[in-house]
Amino acid sequence: EDVRRIKHTILENFEKASLPRTAPSERQRLLTFVVVGGGPSGVEFIGELSDFINDELSGIYPQLVQQAEVVLLNSGASILGAFDEALQSRALESLRSRGVQVRLNSRVTEVRSG
């Protein structure tokens, strides 16, 4: 259920961003996807999100995929803090190589709808 809802929202955002009347600032907002938390669930989700956008949507919205931002925010100095450093480094490199912006030492202080 959650996966379908998330995919629907992502597709809806890409569709709205593709409309000619969409302002550039609104397009950027629609194409920015942020995941908070660099633990196992957050890292897995951001990887799947990046793959979905780059692999499945690139054929439908090739120019918009290039404009999409996929961001992982983590309050700590590394992702996957419960795992050994080698795994943390591999995961970080893997995400960055897929175009994910990983922002470490970044605390979320407010979340707004829209």
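Everything that follows concerns the structure shown earlier in this document.
All figures in this text were calculated on a predicted structure; none of them were measured in a lab. (Residues numbered from 1 in each chain as written. Predicted model: local features only at pLDDT ≥ 70, side-chain atom pairs only at ≥ 80, totals over all residues. Heavy atoms only, no water.)

### Details of the overall build of the protein chain
The secondary structure content of the protein chain amounts to five helices and three strands. Secondary structure of the protein chain in N-to-C order comes out as α-α-β-α-α-β-α-β. Its C-alpha atoms give the protein chain principal-axis dimensions of roughly 45 × 30 × 30 Å. Counting over 114 residues, the protein chain shows a buried share of 32%. Restricting to contacts in the protein chain with at least 6 residues of sequence separation, those with at least 24 account for 69%. A total accessible area of about 7400 Å² is found for the protein chain, and carbon and sulfur atoms account for 50% of it. (Helix = DSSP H or I, 4+ residues; strand = E, 2+ residues; numbered from the N terminus. Buried < 20%, exposed > 50% of the residue type's maximum accessible area, 1.4 Å probe, protein only. Contact = heavy atoms within 4.5 Å. Areas by Shrake-Rupley, 256 points an atom, 1.4 Å probe, with all protein chains shown as cover.)

### Section: the sheet that holds strand β1 (residues 32-36)
Spatial ordering of the open sheet is given by β1-β2-β3, a layout of three strands whose pairing is parallel. Where the open sheet ends on each side, the last strands, each with one partner, are β1 and β3 (100-103). Averaged over all adjacent pairs, the angle separating strand axes in this sheet is 20°, with direction ignored. Contacting β2 (69-73) and β3, helix α5 (residues 85-97) runs over the sheet at an angle of about 135° to β3. (Pairing = 2+ DSSP bridges. Axes fitted to C-alpha atoms, helices over the stretch in contact; angles between N-to-C directions.)

### What about the environment of Val 34?
Looking at the secondary structure, you find Val 34 in strand β1. On a C-alpha basis, the gap between Val 34 and Leu 72 in space is 5.9 Å, while along the polypeptide they are 38 residues apart. Non-local contacts of Val 34, meaning those with residues more than four positions away in its chain, are made with Val 71 and Leu 73.

### Structural notes on helix α1 (residues 2-18)
An ideal rise of 1.5 Å per residue puts 24 Å on 17 residues; α1 measures up with 24 Å between its terminal C-alpha atoms. The complete set of buried residues in α1 reads Ile 10, Asn 13, Phe 14 and Ala 17. Each buried residue of α1 sits inside an arc of 95° when the element is viewed along its axis, so together they form one side. On the buried face of α1, the contacting elements are α2 (24-30), β1, α3 (40-56) and α4 (62-67). (Expected span 1.5 Å × (residues − 1). Arc of directions from axis to C-beta.)

### Describing the pattern of salt bridges
Within this structure, the stated rule accounts for six salt bridges. Residue Asp 2 is joined to Arg 5 by a salt bridge in which the shortest nitrogen-to-oxygen separation is 3.0 Å. Placement of the pair is Asp 2 and Arg 5 together in helix α1, with a separation of three residues, close to one helical turn. A residue is classified by how much of its surface remains accessible, and Asp 2, at 46% relative accessible area, is partly exposed. Among the ionic pairs, Arg 29 bridges to Glu 26, the shortest N-O distance being 2.7 Å. Highlighted residues: Arg 29 and Glu 26, both in helix α2, separated by three residues, approximately one helical turn. Arg 29 gets classed as partly exposed once you look at its relative accessible area, which sits at 40%. (Salt bridge = Lys/Arg side-chain N within 4 Å of Asp/Glu carboxyl O.)

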